[in-house]
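For reference, the chains in residue letters:
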Amino acid sequence: MIPNMRIGLRGFWKRGKVIIITKSVIDALVYEIPVEKTLRYHYAPMPAEIVNRKTEEERSWVWYTIYMESSTKLEHDDRVTIGEKNFKINKLSDWTQSGFLSYEAIEDFTEYL
């Protein structure tokens, strides 16, 4: 049985507005659709031990680990704005049975809103 970490992570979360930008293909055109949600999240710089396992080119990027409640599932290449920081999702770790999702993300310096 997998423990549900929702109660244990109660003080870990921040609650706030997050803008999620997903890509959709409609009539052979790619559209970026922004959606604003209020949800619980936490983000922190990725530990150096994990960044050092990335390829040489990827090590120069600014990496973050983002945790979100499991009600919102993002995909690779989705973009997220939390506060003043923009992120691009690179990898999803599905921990929905424990009550959250974990993402590897890079800081995105693209102005899109």
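For the structure given in this document, a descriptive report is provided here. (Residues numbered from 1 in each chain as written. Predicted model: local features only at pLDDT ≥ 70, side-chain atom pairs only at ≥ 80, totals over all residues. Heavy atoms only, no water.)

**Looking at the overall build of the protein**
For the protein, the count of helices and strands is one helix and six strands. Counting from the amino terminus, helix and strand elements in the protein follow one another as β-β-α-β-β-β-β. Burial analysis of the protein (113 residues in total) assigns 35% to the buried set. In the protein, of all internal contacts separated by at least 6 residues, the share reaching a separation of at least 24 is 53%. (Helix = DSSP H or I, 4+ residues; strand = E, 2+ residues; numbered from the N terminus. Buried < 20%, exposed > 50% of the residue type's maximum accessible area, 1.4 Å probe, protein only. Contact = heavy atoms within 4.5 Å.)

**Comments concerning unusual backbone geometry**
Positive phi, close to 65°, is recorded for Ala28, a residue that is not glycine. With respect to the helices, strands and loops of the structure, Ala28 is situated in the loop between β1 (14-26) and β2 (29-45). Of note, the phi angle at Asp77 is positive, near 80°, even though the residue is not glycine. Checked against the element boundaries, Asp77 lands in the loop between β3 (63-69) and β4 (79-82).

**Structural notes on the pairing of β4**
Here β4 shows no split at all, with Arg79 and Thr81 on one side and Val80 and Ile82 on the other all buried. Direction of pairing for β4 relative to strand β5 (residues 85-95): antiparallel, over a ladder of four bridges. The residue of β5 that forms the bridge with Val80 is Phe87. Counted between consecutive antiparallel strands, the loop separating β4 from β5 contains two residues, among which Gly83 sits at a positive phi close to 65°. (Pairing = 2+ DSSP bridges.)

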